[in-house]
Amino acid sequence: MSIDTERIDTVETPRRIAFIGSECYPFVKTGGLGDVMYALPRALTRSGCSVRVLLPNYACIPQKFKEQMAYRGSFMMDLCQDGTSFYVGIMESELDGVIYDFIDNREFFDWGNPYTGLWEDIPKYCYFSKAALAVLNYLDWTPDVIHCHDWQAGLVPVYLRTRFADTPVGRAASILTIHNLRFQGICSIDHLKYWTGLPDYLFDYAVFKQSENEANMFKGGLAYADRVTTVSATYAQEIQTDFYGEGLNGHLSYHRAKLYGIVNGIDVELWNSKTDALLEKQYDVSDVLEGKRANKLALQERLGLEQDENKFVIGLISRLTDQKGLDLVNAVFQDMLDEDTQIVILGTGDPRYEDSFRYYESVNKGSVCAYIQYNESLAHMIYAGSDALMVPSLFEPCGLTQLIAMRYGTVPIVRETGGLKDTVAPYYDDKGNGFTFDRYEAGLLLDAVKRARTLYTGSRALWDNMVVRDMEKDVSWENSAKQYIELYDFIAPKA
Ligand code: ADP
Ligand code: GLC
């Protein structure tokens, strides 16, 4: 779906955009949502937008960031059906032109990393969504567009058109971006009614209701948002099907006229192999082969792998969940290894995968490393020191690891789904960016790995050409930020 640019009015004053979401690098990040909440506001600011990012002031935010926050005010806000009122504090900081407002309340935000479990997370994000709108009014900063992210901000579009409709912030338009439809914020209707204090008519199948007794926060937000976006064109189509729709495919198809796919980028300053202080050797496209060689040897040394620049090193950096295609990796793990191959895994998550990868390390000492941790600096070393990066996901709304890999001259091996399909052109005849497979089958992953290795070991010049193509590919936010701005301008209230 393309945006009708002819209808966009000229905007003279800077657009004001409020971002509302549950995580944001460098304060708190568990996955790609944190990267997007960091990088997109920066890209928008560079294009002349004025952006505020509203986040919970979690206890798990590192002290060094807490020390940079300044108190901006506080008030009491009623929340629940019975009118219980809660403290809302505002702590503020600024980073490169983007203003961050952290909503402070110890009852909700003192636990978790940052998430706990749905039972606690539902009240937490009911509070957060309502408090974020109340904070915008308190600060007397009325945005043109409120850009909400994932189910944790799903109530915002609903509150905006109900409880806040007749307040200053009520003039703003809203966008809800789906980063991952698997997580939706589902609980009993009574629980959500109690915590939101929202009227009964919203607990209908068209809005929150999803079964006889259950309510779904994401579903309500998708119904009430002025526009819904997701993070790749392919995922925008996929989520309207049974297989990828996570039970909301009918709802999304019904609302498809307002659904857009805009692919993510990455922050090319943060992810820049020429300036990356965490690397053994910085490099750009002019010295990529030497650069990658030095980083591979350093990575092998750090991880206790046999140091040999000719080994084919495959990296995997991921949350260890079913989404990421790890059952395929497990099924062919030993078959992917040969005397020329090393595999490096960095991730945490489902104990089933943590344990199986530890096992593969223990039986393949020197060729396999399973680093079961969340570790930013090691991630940089793996992106730079690997030859290939495996992303065989079952579904992948966009995926950022393949973009970072390409930026570092590391060839992606991906399943053709969601954003992986949209960003990695399959290798063929000295063209393309990586190796791909379509059906969700372990044999096809194995075949893609073998095709990659054959090119690497047998036709190095062709491999090296691909490394250069990948490094030169535009994976920045520039293009996509423009598309968001077009959309903002299209839906923003006209003066
Ligand atoms: P998702 O959001 O589904 O987890 P993405 O590919 O969009 O997947 O984003 C994942 C982000 O998290 C990337 O920035 C990646 O480098 C980072 N990441 C994932 N696991 C780890 C880990 N164990 N240590 C460090 N960074 C990680
Ligand atoms: C989600 C998706 C991932 C996407 C990220 C940022 O966590 O799983 O594919 O890249 O959000 O949009």
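Figured I'd write up the structure that's included with this text.

In terms of burial, strand β16 (residues 411-415) is a largely internal element, 5 of the 5 residues being buried. Burial along β16 is two-sided: the face carrying V411, I413 and R415 and the face carrying P412 and V414 are both buried. In the sheet, strand β15 (residues 388-391) pairs with β16 via 4 bridges, with the strands oriented parallel. Its bridge partner lying in β16, L389 is registered against P412. Pairing geometry for β16 and strand β17 (residues 435-437), over 3 bridges, is parallel. Within β17, the position partnered with R415 by the bridge is F437.

A few words now on the sheet that holds strand β14 (residues 368-371). Spatially, 6 strands are ordered β14-β13-β12-β15-β16-β17 in an open sheet, and the strand pairing comes out parallel. Of all the strands in the sheet, just β14 and β17 have a single pairing partner and so form its edges. Across the sheet, the axes of successive neighbouring strands diverge by a mean angle of 15 degrees, strand direction being ignored. Alignment of strand β12 (residues 312-320) against strand β13 (residues 341-349), held across 9 bridges, turns out to be parallel. Bridge pairing links S318 to G347 in β13. With respect to the sheet, helix α14 (residues 376-385) is in contact with β12, β13, β14 and β15, its orientation differing from that of β12 by roughly 145 degrees. Of the strands in this sheet, β12, β13, β15, β16 and β17 are in contact with helix α17 (residues 442-458), which crosses β17 at around 160 degrees.

The subject of this paragraph is the site of ligand 1. Close to ligand 1 lie 21 residues; G32, R319, K324, Y383 and L400 are nearest. At 3.0 Å, a backbone N or O of N375 approaches a nitrogen atom of ligand 1. T401 places a main-chain nitrogen or oxygen 3.4 Å from an oxygen atom of ligand 1. Residue assignment for the shell around ligand 1 shows that the elements contributing at least two residues are α1 (32-46), β12, β13, α14 and α15 (401-407). Looking at the shell around ligand 1, the element that brings in the most residues is β12, giving 3 residues. Per-class residue counts for the shell around ligand 1 are 7 nonpolar, 9 polar and 5 charged.

Moving on to the site of ligand 2. Neighbouring residues of ligand 2: 14 residues in total, closest H179, N264, Q323, E396 and G399. Within the side chain of E396, a nitrogen or oxygen atom sits 2.5 Å from an oxygen atom of ligand 2. Here an oxygen atom of ligand 2 sits 2.8 Å away from a polar atom, N or O, in the main chain of G399. Protein contact buries 93% of the 310 Å² of open area that ligand 2 shows by itself. Take the shell around ligand 2: its biggest share by element is 3 residues, from α1. Here the residues of the shell around ligand 2 are counted per class, giving 6 nonpolar, 6 polar and 2 charged.

Bringing a nonpolar patch on the surface into the picture now. A cluster of nonpolar side chains, namely Y71, M76 and Y87, defines an oily patch on the protein surface of about 350 Å² accessible area. Structurally, Y71 can be placed in strand β3 (residues 70-78).

Axis separation between α1 and helix α19 (residues 478-491) bottoms out at 10 Å; the angle between their running directions is 70 degrees. Here α19 runs roughly perpendicular to α1, going by the angle between their axes. Here α1 contributes L40, A43 and L44 to the contact with α19, which in turn contributes A481, Y484, I485 and Y488. In the contact of α1 with α19, the residues fall into 7 nonpolar, no polar and no charged.

Within the open sheet, the 9 strands sit side by side as β3-β4-β5-β2-β1-β6-β7-β10-β11. Their pairing is mixed. Each end of this open sheet is capped by a strand with a single partner; those strands are β3 and β11 (259-261). When the angles between neighbouring strand axes are averaged without regard to direction, this sheet yields 25 degrees. Looking at chain direction, β3 and strand β4 (residues 85-95) are connected through 8 bridges and run antiparallel. Note that in β4 the partner of S74 across the bridge is G89.

Looking now at the nonpolar core. Of all hydrophobic cores here, the largest spans 104 residues; its most connected members are I103, Y127, I146 and F208. Considering every element that reaches this core, the biggest residue donor is helix α4 (residues 118-138), with 11 residues. Beyond its immediate sequence surroundings of up to four residues, Y127 is in contact with M77, L79, F86, Y87, V88, I103, D104, N105, F108 and F109. With 69 residues, the next largest nonpolar core counts L316, C369, V411 and V424 among its residues.

With that settled, the discussion passes to the side chain of N272. Position of N272 relative to the elements: it lies in the loop between β11 and α10 (288-303). A relative accessible area of 18% means that N272 is categorised as buried. Setting aside residues up to four positions removed in sequence, N272 forms contacts with R407 and Y408.

Parameters at a glance
- In every chain, residue numbers begin from 1 and rise along the written sequence.
- In the order they appear in the text, chains get letters beginning with A and ligands get numbers beginning with 1.
- Only residues with pLDDT of 70 or above have their local features reported here, since the model is predicted, and side-chain atom pairs are shown and tallied only from 80 upward, although totals for entire chains, interfaces and linings are computed over all residues.
- The side-chain values count all of the structure's non-hydrogen atoms but skip hydrogen atoms and water molecules.
- Here the term buried applies to any residue with accessible area under 20% of the maximum for its type, exposed to any over 50%, and partly exposed to those in between, with areas from a 1.4 Å probe on protein chains only.
- Only DSSP runs of H or I covering at least 4 residues are called helices, and only runs of E covering at least 2 are called strands; the numbering of each starts at the N terminus.
- Note on pairing: two strands pair once DSSP finds at least 2 bridges between them.
- Fitted lines through C-alpha atoms serve as axes, helices being fitted only where they are in contact, and the angles separating the N-to-C directions of these axes extend from 0 to 180 degrees.
- The contact criterion used throughout is that any non-hydrogen atoms of two residues lie within 4.5 Å.
- Proximity is defined per residue: any heavy atom of the residue falling within 4 Å of a molecule or strand makes that residue near it.
- Polar contact is the term for a pair of N or O atoms within 3.5 Å; when the atoms are in protein, one must be able to donate a hydrogen and the other to accept it, and sequence-neighboring residues count only if both atoms are side-chain atoms.
- Side-chain classes follow a simple rule in which Ala, Val, Leu, Ile, Met, Phe, Trp, Tyr, Cys and Pro form the nonpolar group, Asp, Glu, Lys and Arg form the charged group, and the remainder, Gly included, forms the polar group.
- All accessible-area figures derive from a Shrake-Rupley calculation using a 1.4 Å probe, and residue coverage is judged against the displayed protein chains alone.
- Residues enter a patch when their relative accessible area is above 30% and they make no salt bridge; the linking distance is 9 Å between like charges and 5 Å between nonpolar side chains (Val, Leu, Ile, Met, Phe, Trp, Tyr).
- Whenever Lys or Arg places a side-chain nitrogen within 4 Å of a carboxyl oxygen from Asp or Glu, that contact is recorded as a salt bridge.
- We call two directions roughly parallel when the angle between them is under 35 degrees, roughly antiparallel when it is over 145, roughly perpendicular when it lies between 65 and 115, and oblique otherwise.
- The set of buried Ala, Val, Leu, Ile, Met, Phe, Trp, Tyr and Cys residues whose side-chain atoms join them within 4.5 Å is what this entry labels a nonpolar core.

Function cannot be inferred from these measures alone, as they are strictly geometric.
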